[in-house]
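Listed below are the residues making up each chain.
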Amino acid sequence: MNTNHLFIKFGSFLASIMFVKAMYEQYLPYRWRNSISSILYRYIYQFLSSFSPYHHITFEEFTGERFNRSEAFTIIETYLSEKTSEKARRLKGNFVKDGKDLVLGLADNEEVIDEYEGVKVWWKCRRSVSRSQSINIYPGSNDKRNFKLTFHSRYRDLITKSYMTYILEEGKAITTRKRQRKLFTNVKEQKGATSGRWTLWSHVEFKHPATFDTLGMAEAKKNYIMNDLVRFSNSKDYYDKIGKPWKRGYLLYGPPGTGKSTMIVAIANLLEYDIYDLELTMVADNTQLRRLLIETSNKSIIVIEDIDCSLDLTGQRSSMKEEKKVKTSEDEKDKVKKVLKDREQVESKKSQVTLSGLLNMIDGIWSAVGEERLIIFTTNYIEKLDQALIRRGRMDVHIELLYCCFESFKVLANNYLDVKSHPLFETIKGLLEETKMNPADVAENLMPKSLELDVDDCLENLVKALEKVKLDYQ
Ligand SMILES: Nc1ncnc2c1ncn2[C@@H]1O[C@H](COP(=O)(O)OP(=O)(O)OP(=O)(O)O)[C@@H](O)[C@H]1O
Ligand SMILES: [Mg+2]
């Protein structure tokens, strides 16, 4: 066969292909052509892939009939934005937390390499835009994104099992670290603004600067509490092993103004948890209490402040407090008492939560809902509480917040005045040992009342206040 002959054969082969293509485009409807092309493409792709040593997993952004954003896609997106943003050349930025934080993510069709236990994998964020002219009401119906993971078939088991679990855990941890923390409170049932679901909690952004560093407390006690908390937050496996729900109860008790509420904030800031401030008198009954519990998220603190004022003890503390405040005639005192009594009656009618309902929430079957939670009660009167409520296992750690000691004072003086030592410290130490002043009052006395007041003035103010308390005390 000579070269000319070969050329002629090849030319006629090309001509026949062109002819078939022309016929195909001319006579076959667009819909058919599209499906034939995709079938051909799929078979050719499958055929070629069978020779490839690489495997792929695709994670679509939207799944299901209702086009819910896939959780897996969101977790992978978070993971990749943190882990691979340094390696990727093309990134896209987005502002979160009211424009305060910039989050970088993989740009569309950008590929990055990740390494797990020495094995390389490739991630690609792919975007396809449908050419369909129809308008879709669901997000993602026209604009489809997915993450494609490519790895060598040799590591199939490692990637599909441990690498996937690792991504899931890391992604969730990053989400928790980066989220805007919230302070929830229970209200009448209402429709959530974004979710559109009925909810019993409403929330605000949680921002409070109190930390363990600013908390006036004996150093050893502070360290003990912090270690206990950190150990708890790292003990998932331990709780699984001993067969207990991953939760821990703290009872904070002590006189007013000793830092119980401040400590709750410090705990939330230390562990980066949300706070659910549960107002028991607003809870209709045990069923609603259970619903409230179910609606709380993991990594959170459920707080019931002044637990002695709840349930059948409702209102006692506020009565006493308000009685103390009102230093007026006996007549007026009686009036206040009556008003408070009426209020107590109204409140007791409102809430039908029982002690056993509360015990169940803390330690019953329902307490196992969710994980990594702290339940904190505060009270001024520990002796008033039912022993069942505060026994270990329910309230695992009992912390007494005390009147200001010299160690607490030093923390406060450092916070408020930036002084670590001063000639007046010895006098203050002696006075604190002889009197009882709560940290709230000490802090108030340390605060400069005018711009001219310096450290000496503030400390002298405190000495005067302590001497006055000492006189009253005697
Ligand atoms: N131990 C402390 N360290 C630092 N500041 C404190 C401490 N205790 C109280 N304070 C200050 O006093 C204020 C009142 O404290 P906090 O509300 O925490 O007291 P509490 O024990 O919860 O009182 P109550 O029993 O009346 O609810 C806080 O704003 C805080 O600034
Ligand atoms: Mg308080």
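Quick notes on the rules
Each chain carries its own residue numbering, running from 1 in the written order of its sequence. Chains carry letters from A onward and ligands carry numbers from 1 onward, assigned in written order. Reporting of local features is limited, given that this is a predicted model, to residues whose pLDDT is at least 70; pairs of side-chain atoms are given and counted only at 80 or more, and all residues count toward the totals for whole chains, interfaces and linings. The numbering of helices and of strands both runs from the N terminus, where a helix is a DSSP run of H or I of at least 4 residues and a strand a run of E of at least 2. For the exposure call, what matters is how many other C-beta atoms sit within 10 Å of a residue's own: 20 or more marks it buried, 12 or fewer exposed, and in between partly exposed, using C-beta atoms placed from the backbone. Helix span, expected: 1.5 Å multiplied by one less than the number of residues in the helix. The term bend refers to the angle at a residue between two fitted axes, each drawn through seven residues, those ending there and those starting there. Only strands that DSSP links by at least two bridges are regarded as paired with each other. Crossovers are described as right-handed under a simple rule: with the strands pointing away from the observer, the path leading from the first strand over the helix to the second runs clockwise. In this entry, near means the residue's backbone-placed C-beta atom lies within 6 Å of the molecule or strand. Any residue that is not Ala, Val, Leu, Ile, Met, Phe, Trp, Tyr, Cys, Pro, Asp, Glu, Lys or Arg is counted as polar, Gly included; the first ten are nonpolar and the last four charged. Domain delimitation follows an automatic or database domain assignment. Confidence per residue, as judged by the predictor, is encoded in pLDDT with a range of 0 to 100. Once C-beta atoms are placed from the backbone, any two residues with those atoms within 7 Å are in contact. Whenever a helix is involved, its axis is fitted only over the stretch in contact; in every case the axis is a line through C-alpha atoms, and angles between N-to-C directions fall within 0 to 180 degrees. If an angle is under 35 degrees, it is roughly parallel; if it is over 145, roughly antiparallel; if it lies from 65 to 115, roughly perpendicular; otherwise it is oblique. As used throughout, a nonpolar core is a set of buried Ala, Val, Leu, Ile, Met, Phe, Trp, Tyr and Cys residues joined through C-beta atoms within 7 Å of each other. What the arc measures is the spread of directions leading from the helix axis to the C-beta atoms.

**A word on the overall build of the protein chain**
Next, step 1: Each helix and strand in the protein chain was counted, giving 16 helices and 15 strands.
Next, step 2: Sorting the 474 residues of the protein chain into buried and exposed places 22% on the buried side.

**Looking at helix α4 (residues 156-178)**
Next, step 1: For α4, with 23 residues, the first-to-last C-alpha span of 31 Å sits near the 33 Å given by 1.5 Å per residue.
Next, step 2: Largest kink in α4: about 30 degrees, centred on Y163.
Next, step 3: Those residues of α4 that fall on the buried side of the exposure criterion are I159, I167 and G171.

**Considering the pairing of strand β12 (residues 274-277)**
Next, step 1: Of the strand pairs in this sheet, β12 and strand β13 (residues 300-304) are connected by four bridges, and their pairing is parallel. Note that in β13 the partner of D277 across the bridge is V303.
Next, step 2: Regarding the hand of the β-α-β motif, the stretch spanning β12, helix α8 (residues 286-294) and β13 is right-handed.

**Quick look at the site of ligand 1**
Next, step 1: Close contacts around ligand 1 come from 17 residues, with G216, P256, G259, P439 and A440 the closest.
Next, step 2: Breaking the shell around ligand 1 down by element, the ones donating at least two residues are α7 (260-271), α13 (406-417) and α15 (439-446).
Next, step 3: Of the residues assigned to the shell around ligand 1, the class counts are eight nonpolar, eight polar and one charged.
Next, step 4: Each of domain 2 (182-314 + 351-400) and domain 3 (406-473) accounts for three or more of the residues forming the shell around ligand 1.

**A short note on the confidence of the model for the protein chain**
Next, step 1: Model confidence for the protein chain is summarised by a mean pLDDT of 81, while 77% of its residues fall at 70 or above.
Next, step 2: Every residue in residues 313-328 scores below 50 in pLDDT, and together they form 28 contacts with partners more than four places removed in sequence or on other chains.
Next, step 3: Taken over the whole predicted complex, pTM reads 0.70, whereas the ipTM for its chain interfaces reads 0.98.

**Some words on the packing of helix α3 (residues 71-83) against α4**
Next, step 1: Closest axis-to-axis distance for the α3/α4 pair is 8 Å, and the angle between their directions is 75 degrees. With respect to each other, α3 and α4 are oriented roughly perpendicular. Of α4, the residues touching α3 (which contributes I75, I76, T78, Y79 and E82) are I167, L168, E170, G171, K172, I174 and T175.
Next, step 2: In the contact of α3 with α4, the residues fall into six nonpolar, three polar and three charged.

**What to know about the nonpolar core**
Next, step 1: Of all hydrophobic cores here, the largest spans 58 residues; its most connected members are I264, I301, V303 and I376.
Next, step 2: Per element, the largest residue contribution to this core is six residues, and it comes from α7.
Next, step 3: Residue assignment places this core across two domains, with domain 2 (182-314 + 351-400) and domain 3 (406-473) each supplying three or more.
Next, step 4: If we ignore the near neighbours within four places in the chain, the residues touching I376 are Y250, L252, I264, I301 and V303.
Next, step 5: I76, C125, L149 and I159 belong to the second largest nonpolar core, which has 13 residues in total.

**So, unusual backbone geometry**
Next, step 1: The backbone phi angle of E272 is positive, close to 60 degrees, even though this residue is not glycine.
Next, step 2: Examined against the element boundaries, E272 turns out to sit in the loop between α7 and β12.
Next, step 3: Residue E272 is classed as partly exposed on the basis of its C-beta count, with 13 C-beta atoms lying within 10 Å.
Next, step 4: You will see that D306, though not glycine, has its phi angle at about 50 degrees, which is positive.

**Comments concerning α15**
Next, step 1: For α15, the complete set of buried residues consists of P439, V442, A443, N445 and L446. All buried residues of α15 project into a common sector of 165 degrees when viewed along the axis, lining one side.

**Quick word on the environment of G393**
Next, step 1: As for its position among the elements, G393 is in the loop between α12 (387-390) and β15 (397-400).
Next, step 2: For the pair G393 and S367, spaced 26 residues apart in sequence, the C-alpha to C-alpha distance is 12 Å.

**Side note on the environment of L385**
Next, step 1: By the element assignment, L385 lies in the loop between β14 (373-379) and α12.
Next, step 2: For the pair L385 and K83, spaced 302 residues apart in sequence, the C-alpha to C-alpha distance is 49 Å.
Next, step 3: Here L385 is in contact with I307, D308, T379 and I390, once residues within four sequence places are set aside.

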